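So you can see what is in the structure, the chains are spelled out below.
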Amino acid sequence: MALALDGVSDTLLPRRYQEEIFVRAQQGNVIAALDTGSGKTYISTLLIKWIAAKDVGQGKITVFLVPKVALVQQQGEFIARQTSLRVRQFSGATAHDMGDREGWKKEFADADVFVMTAQIFLNLLTHSHWSMDKVSLVVFDECHHTRKNHAYNGIMREYFQTPVGSRPKVFGMTASPIWNPRNATESLATLERNLDAKVIAVKEHVDELVGHSPKPTEVILVYPTPPDAYPEYPSTSLRHKLNIETLPPEIGIPVDKIITRYDVTLFNLGPFGAELFLYTEIKQRVSQLINDAIDSSMDYLIPTQYGLHSQVRSQSPDNVHPRLRELERILEAYRSFFEPPEEDSEPAAFSWSWCSPKVRKLAETLFERYTDSFQGIIFVEQRHVASCLATILSRIPLLNHIIKTEQLVGHGKDMSNKAHAKGMGTRSQQDTVRMFRERQINVLVATSVAEEGLDFPACDLVIRFDPVQHMVGYLQSRGRARHKTSTFVIMVQEGAQSQAERYLQFSQSEPHLKQVYQDRDLMMHTPEVEEEEGELHDDPADLAERERYVVPSTGAVLTYTSAIGLLNHLCSLIPRDKFTPTHVPKFTGDFSATVHLPSTLPLPADLLVYEGPPRRSKKEAKRAAAFLAVRTLHSLNVFDDYLLPTKSARGRENEDPDGVLIGDTSNVPETLDVQVRDPWVPSRTLWLHVVHLDGRPSAGLVTGTPLPPVELVASDLFVSTDEPREVVLDPRDAWSQRRAMEDYTRMGLWWCITGRGITLPLTCYLVPITRGYKIDFQAIEQAVLHPFGSYNWEGIGEEHYGHLLYMNNKETGHPMVLHRLRPDISPSSRPPEGSKEAGHPTYRDYWIRKYTRKGYAPVISADGPCVEGLVLERHSSSSYSLENTLAVSPTPRILDTVIFPLEICRWALMPEHVYRTFFILPELCHRATDLWRARDARIALKLPPVADDLLVQALKLPNTNTGFNNQRLETLGDAVLKLSAVVHLYNKFPHRHEGQLDGMKRVSISNRTLLARAVERCLEHHLSSENQSIRLWRYTTTSEDDLYEVRPRRRTLRQFPRKSMQDCVESILGASFATGGVDMALQAGAALGICVGSPTPWFMRYGLRLPESKPSPLFLTLQETLGYSFKHGQLLLDAVTHPSFASTDSSSYQRLEFLGDALIDMVVTDYLYKKFPEATSGQLSWARSRAVCGAALASVAVKRLRLHQLLLINNVELSMAISRYVPVLEEISEEDIILDGWKHDPPKALSDVFESVMGALFVDCDYNYDRAAAIIEMVMEDLIAALRPDLPRDPVSQLMVWVAKSGCRSVSFAKSQSRSELRRPDCMSVLVHDTIVAGPIAAPNLSMAKGLAAEEARRVLDDPDSPFHLSRVCICGKESESAMEEEPAEVPLDVDMSELDDETKEGFAILARILLEETDELSPPPAPKEVDGGADEQASLAAEDETMEEREVEEMMEIDV
């Protein structure tokens, strides 16, 4: 259906005949039969708006269906422009995955009108994304397609299954409602039955309709019969030279098909057209076959070999068939004859006599009809004819200066095979139509794709080059000529009476056909639904026997028409390598069909074959067999209850594989503000915890929460606390006693920790205790009378040396321990040489200068004694170690001593054991917080008994800047999660293939699922995110409301990234595994809601399931090498069967490979975690990736287990590739494979079979992880022994980090091809400021080429003698004087690294910055610029902020005499 969109106004202004149809459409279901260009879409839009207003609030949608992809955008944009409704457009390329239920749910919630291809809507109904009763209106564009097994008919079958009162309104649009003019009434009745609608036409305003849809002048153009020979065409024809009839079958060129098309083209277009077709067809196929052969032979070369062969093509390992090379040489000789000339070169000769009489007649007609505004369409039947004819017309001298032609053809049946596809993509179609509308071209040579729907301007001339085959084609193509002066030409061969008669039949019958529906009334009887299936080519008895299956739990629908598509979809998801053909179901039999499913499906042999019931047509027999297969596979859980074989590949599934809902996390902000569980709150009830230093009671920690006993090492002291005991205060003195404890604690904090006052209420107190472990209020009251210490040094003697704490009141916050009194020195004494005071005449001069600030000079007497003290280090952090071991220093550290006048120093009224406890109080509180929070989380989350220290570590976020965090455990937990999910899925879904399992695994372990599970269990309330700096004392509260609560809230506000939650789920799994192995990890996973099946150990769930069978003698040596005897020999057979082997005796190794991959990943991670306790998470991950990469596992498979000798393969190319790579793997050392494994790309089958054998071992030992891990470590011992934490990163990462540290911001990669005939890039270069410094370097795959290019770039950029040394090519510093001070590339907060492109300067810079931060290799900050006055003055400036506070303290200290 065509619509001139460009001229439509913004407001709908329907004509009277359109209003007439609209009014009748309001009354019932109708099919509007109107000519092309009469504005049927106007009417549908009026109807859409009317329905939207009438059905408001019912939650229903309008569906506008089109038969072709190209129409989706066209009609969608028109409806959106003419209404205020929310319109969505969907075609194959833009639609959501059918497994993405959440995505479709959102689309249906956010839109009113859906414009889509029919198949998509049918799929939505099939998989129960939507139902017909939720649709208010269905518009069928080009509705005459509603016949046979078209998707339109499938949709209507679902319509008829809907109760009558819940069905949507139907509105059909077509210019040709009758397919078969010989039986017009029955043809019309069939369409009406299928659409449950009446065909209507304009009755009252026919004259107006005729005025807007004029008919063209119709002309029969007779052309002579083509001659038997064309003597003027060159005798050395391409057909003769190629001699394709003698091509051997193994080459793979379909000679018979090509010759048939050649003959057809010769008859229609003449010798040049036929030869042009032959040239194009053979060249395309030969080029593909040669490239495939070369690529196959080069795929597994090592990089140096590949690079050499890429540079010199003649040296390529050539397994190309000699005849292909011969064809290539012949085609090259004819290139200038058939292909367009290059610029500034003469076009090849062309003779009018090389064309058929038909083409000559066509050319003459175009020339005669040509005007300056001329536009025309030539309709042909076949795509290759359209292509050749468009080329010929541009070469004919008569036309080449006036005619600009392009072809317009359909997509073709299989656009997936791009090399052989002759069709056009949707974008190419749209571009061609746009150029035609814009008059950049004036003649289209088109197939039936241009007959209907696409938006074309009215043409001056429309020519049917090939005979008209049916009434619809006649009416639709004629509709393109709708000017009053337009001409519609039918070309008929001289003497071809049947062609002329067919045309005359169509032309003369049209008025009579229209009369059939012209005067129809909507109230006429509508046939019963039971007659709906009575189609011309499907036997009624077959249709009556069709079944329909609705899944009870979801409403998903299985029909005969959908069954084959579902089987094809299932098979398409089976993973395969390049050596395995595409998996498809195969049908045998005629009227009783049998469907054979691929043996790679993990099903018993009897469940791979389904014999359908007898049917009366072959197609129906196939549908019946497919229906039976899908229904059985659904019962086996191969298809889920939505009849989908897998979850969404895009990770937007709304439930996990166990059917548990995955909550919506889209509203979780990137940064969370969370009320975290915290023990530090004021409370009515107080608890005393006796603190022991090196086993001796030293003080009491009083809190509002009973804390668990704590043990730690801090400041080289063993610190521990007792079980809490309740503090009973005298009710009469309770308030004053609380206040005294708070004042005492403030005093101790000021002296020992903060050096500044604390004004907020405290949440814990550290107090002296009596011998009876009671709070010593007498000592507290005496001390708080002098909180800043005493000036009275009487009674202080040698017994206090090394024990008394004092402070210079001019340097608050710097406590000292008395070393000795110095009556031998006075302020007037001369400082000794080498001391820091030596630059001044006396000590007093030094002190006055030092303490004079902003004109305020201290008062220091010239006489009097001095005191010498040991400076105690200030705490900067409350971090502690989980190791609880004393640090052994080879030499004791000597503390600095300082001398001050006695008159400005005051000593603290705190005993040594108390102030030493104050010094370790930050670590003690930190440890108590962690331990309390871990135990609280264990109870709240219902976790198993995970070790305290490991759970503390699991809940500690990286931003706390402590000596430990959850990153190492997260790395371990990631592997635990993957293995736990894989084992569960492998056993729960025994009949699902690897592709299905992998999709479910990704849903199970995705960050979105982990985040949802964390949110459900409120995990965020248990995370530790506090920074451990103690510049500010954190154990305070802004409110004392909890004092009046029976149960304190015990929460505090914290902020951290939401990513922390999913990370902590993995770290808890890691902590559980590290405590109690797999069994405890399963318990933790079940508690956290992870998809692990249940907390029951694997051997109890899955062990002893398989029947025992003796392994084949083929595996005797393998079992000896493993040191393990298999109980289930079938597992080993499956494990070595490549998918190409296609045996009914064994399945392929793919499921076992899926299992083994997760197992090996877990074993290597576990090994590294235990061996390198100091390694960071990044180091563990990088080392693991080196050991489990394809090259590393392939080397173990070959060198250790000789699996290449056991592998069952039925593919010559794969066998050759393996045989070529085995010697390489046998020679390379384990150290080299770890360091340079990225340089090798052995056939994937080698690493796959190693993984599958390890998976078989795991299953055979009843999922005993420890036993399997021991064997795997033994097999891989040489390889994993080469692992270490400081392994160099891959060359790409190294280059990025190096560039980021250098400050260059203009680096990027660029890919290219080493050979023009390649269909893919195989070279990489590195550019610095748009200058190529390395490359292009070719390699078998692009990843390897990038590594080699990065390696070379790093070498030359760092080489001072290289012309590409960074200093010579980088101009970042020269672009502006401030360039060196510019900030490095900023990393977005929520950056998705997969979206960053290192082939752009910006993407490379951001990736480099991320890697730099991940590897902790940030350059040290530049030294601050010196200012006048030197370092001392800088220190003074930095201290000015604290001057006022210190003055206040000094004044208080001076008053407190």
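Side note on the overall build of the chain
- Across its full length, the chain carries 49 helices and 34 strands.
- Counting all 1457 residues of the chain, 55% fall into the buried class.
- Considering only contacts within the chain whose residues lie at least 6 apart along the sequence, 74% involve residues at least 24 apart.
- Summing over all exposed atoms, the chain offers an accessible surface of approximately 63900 Å²; the carbon and sulfur share of this is 51%.

Digging into unusual backbone geometry
- For the bond running from glycine 1335 to proline 1336, omega is -5°, close enough to zero to count as cis.
- The phi torsion at aspartate 694 lies on the positive side, around 50°, for a residue other than glycine.
- Overall, aspartate 694 belongs to the partly exposed group, its relative accessible area being 43%.
- In the Ramachandran plot, tyrosine 773 falls in the positive-phi region, its phi being about 60° despite a non-glycine side chain.
- Here tyrosine 773 is to be found in the loop between strand E25 (764-767) and helix H24 (777-784).

Some remarks on the packing of aromatic side chains
- On inspection of all chains with the given rule, the structure shows 36 aromatic pairs.
- Between tyrosine 42 and phenylalanine 78, the aromatic rings sit 6.0 Å apart at their centres with planes inclined by 80°, giving edge-to-face as the arrangement. Here tyrosine 42 is found in helix H2 (residues 40-54), whereas its partner phenylalanine 78 is found in helix H3 (residues 70-82), with 36 residues between them in sequence. Considered together, tyrosine 42 and phenylalanine 78 belong to a single accessibility category, that of buried residues.
- Ring geometry for phenylalanine 272 versus phenylalanine 350: centroids 5.0 Å apart, planes at 90°, classification edge-to-face. Here the residue phenylalanine 272 occupies a position in helix H11 (residues 271-298), and phenylalanine 350 occupies one in the loop between helix H14 (335-338) and helix H15 (357-369), the gap between them amounting to 78 residues.
- Owing to a relative accessible area of 1%, phenylalanine 272 belongs among the buried residues under this scheme.
- Judged by relative accessible area, which is 14%, phenylalanine 350 ranks as buried.
- Its guanidinium or amino end placed over the ring of tyrosine 986, arginine 1151 lies 4.4 Å from that ring's centre, counting from NZ or CZ.

Remarks on the sheet that holds strand E34 (residues 1331-1338)
- Strand order in the open sheet formed by three strands is E32-E33-E34, with antiparallel pairing between adjacent strands. On the outer flanks of this sheet lie strand E32 (1307-1312) and E34, each paired with one strand and no other. Each strand axis lies, on average, 20° off the axis of its neighbour in the sheet, ignoring direction.
- As paired elements, E32 and strand E33 (residues 1323-1328) share six bridges and run antiparallel to each other. Looking across to E33, one finds that serine 1312 is bridged to cysteine 1323.

Quick look at the sheet that holds strand E17 (residues 594-596)
- Spatially, the three strands line up as an open sheet ordered E16-E17-E18, and their pairing is antiparallel. A strand with exactly one partner marks an edge of an open sheet, and here the two such strands are strand E16 (586-588) and strand E18 (609-611). Neighbouring strand axes in the sheet, compared pairwise and without regard to direction, differ in orientation by 20° on average.

Here's the deal with the pattern of salt bridges
- Counted according to the given criterion, the structure contains 64 salt bridges.
- Here aspartate 936 and arginine 677 are joined by a salt bridge, their closest N and O atoms 3.0 Å apart. Of this pair, aspartate 936 sits in helix H26 (residues 912-940) while arginine 677 sits in strand E19 (residues 671-677), and the two are 259 residues apart along the sequence. Here aspartate 936 matches arginine 677 in class, with each residue buried.
- One salt bridge in this structure joins arginine 746 and glutamate 742, with 2.5 Å as the shortest N-O distance.

As for the environment of leucine 327
- With respect to the helices, strands and loops of the structure, leucine 327 is situated in helix H13 (residues 322-333).
- C-alpha of leucine 327 to C-alpha of lysine 241: the two residues are 86 residues apart in sequence and 8.9 Å apart in space.
- Setting aside anything within four residues of it in sequence, one finds leucine 327 in contact with Leu242, Leu247, Ile253 and Val286.

With respect to H3
- Restricting attention to buried positions, one finds in H3 the residues Ala70, Leu71, Val72, Gln74, Gln75, Gly76, Phe78, Ile79 and Gln82.
- Among the structural elements, H2, strand E2 (61-66), strand E3 (87-90), strand E4 (113-117), strand E5 (135-141) and helix H17 (426-437) are those in contact with the buried residues of H3.

Examining the environment of histidine 993
- Assignment of secondary structure puts histidine 993 in the loop between helix H28 (967-988) and helix H29 (994-1005).
- On the basis of relative accessibility, which here comes to 0%, the residue histidine 993 falls in the buried class.
- Along the primary structure histidine 993 and leucine 603 are separated by 390 residues, whereas in three dimensions their C-alpha atoms are 9.0 Å apart.
- For histidine 993, the side chain forms a polar contact with the main-chain nitrogen of glycine 995, separated by 3.0 Å.

Looking at a nonpolar patch on the surface
- Together, Ile220, Val222 and Leu504 make up an exposed nonpolar region whose accessible area comes to about 220 Å².
- Inspection of the secondary structure puts valine 222 in strand E8 (residues 217-223).
- Note on valine 222: relative accessible area 44%, which makes it partly exposed.

Structural notes on a positive patch on the surface
- Among the surface-exposed residues, Lys148, Lys618, Lys619 and Lys622 lie close enough to one another that they form a single positively charged patch.
- As for its placement among the helices and strands, lysine 619 is situated in helix H22 (residues 618-635).
- A residue is classified by how much of its surface remains accessible, and lysine 619, at 62% relative accessible area, is exposed.

A closer look at H26
- Compared with an ideal rise of 1.5 Å per residue, which puts 29 residues at 42 Å, H26 spans 41 Å between its outermost C-alpha atoms and is within 8% of the ideal.
- Along H26, the sharpest kink reaches roughly 55°, centred on isoleucine 920 and followed within four residues by the proline proline 922.
- Judged by how many residues are buried, H26 sits mostly within the fold: 23 of 29 residues are covered.
- Of the residues one or two after H26, lysine 942 is the one with positive phi, at around 60°.

A few points about the nonpolar core
- In this structure, Trp793, Met910, Leu921, Phe1250, Phe1258, Tyr1265 and Met1276 are the most contacted members of the largest nonpolar core, which totals 208 residues.
- Excluding residues within four positions of it along the chain, phenylalanine 1250 makes contact with Ile1160, Leu1193, Val1196, Ala1197, Leu1201, Leu1203, Val1275 and Met1276.
- Listed in part, the 118 residues of the second largest apolar core include Leu247, Tyr262, Phe277 and Val433.

Some words on the confidence of the model for the chain
- Per-chain confidence: the chain averages 84 in pLDDT, with 87% of residues scoring 70 or above.
- Note on residues 414-421: pLDDT is under 50 here. Beyond four places in sequence and across chains, it has eleven contacts.
- Confidence over residues 522-536 falls short of pLDDT 50; this stretch has 30 contacts with residues more than four positions distant or in other chains.

Examining the environment of phenylalanine 900
- Residue placement: phenylalanine 900 occurs in strand E29 (residues 897-901).
- Taking C-alpha positions, phenylalanine 900 is 9.0 Å from proline 865, a pair spaced 35 residues apart along the chain.
- Phenylalanine 900 has contacts with Asn808, Glu811, Met816, Trp847, Tyr851, Cys866, Val867 and Cys905, leaving out every residue within four places of it along the chain.

Cut-offs applied
- Residues numbered from 1 in each chain as written.
- Predicted model: local features only at pLDDT ≥ 70, side-chain atom pairs only at ≥ 80, totals over all residues.
- Heavy atoms only, no water.
- Helix = DSSP H or I, 4+ residues; strand = E, 2+ residues; numbered from the N terminus.
- Buried < 20%, exposed > 50% of the residue type's maximum accessible area, 1.4 Å probe, protein only.
- Contact = heavy atoms within 4.5 Å.
- Areas by Shrake-Rupley, 256 points an atom, 1.4 Å probe, with all protein chains shown as cover.
- Phe/Tyr/Trp six-rings, centres within 6.5 Å; stacked < 30°, edge-to-face > 60°.
- Lys NZ or Arg CZ within 6 Å of the ring centre and 35° of its normal.
- Pairing = 2+ DSSP bridges.
- Axes fitted to C-alpha atoms, helices over the stretch in contact; angles between N-to-C directions.
- Salt bridge = Lys/Arg side-chain N within 4 Å of Asp/Glu carboxyl O.
- Polar contact = N/O pair within 3.5 Å; in protein donor to acceptor, adjacent residues only side chain to side chain.
- Patch = residues over 30% accessible without salt bridge, like charges linked within 9 Å, V, L, I, M, F, W, Y side chains within 5 Å.
- Lys, Arg positive; Asp, Glu negative; His and termini not counted.
- Charge placed at Lys NZ, Arg CZ, Asp CG, Glu CD.
- Expected span 1.5 Å × (residues − 1).
- Bend = angle between axes of the 7 residues up to and from the residue.
- Core = buried A, V, L, I, M, F, W, Y, C linked by side-chain atoms within 4.5 Å.
- pLDDT = per-residue confidence, 0-100.

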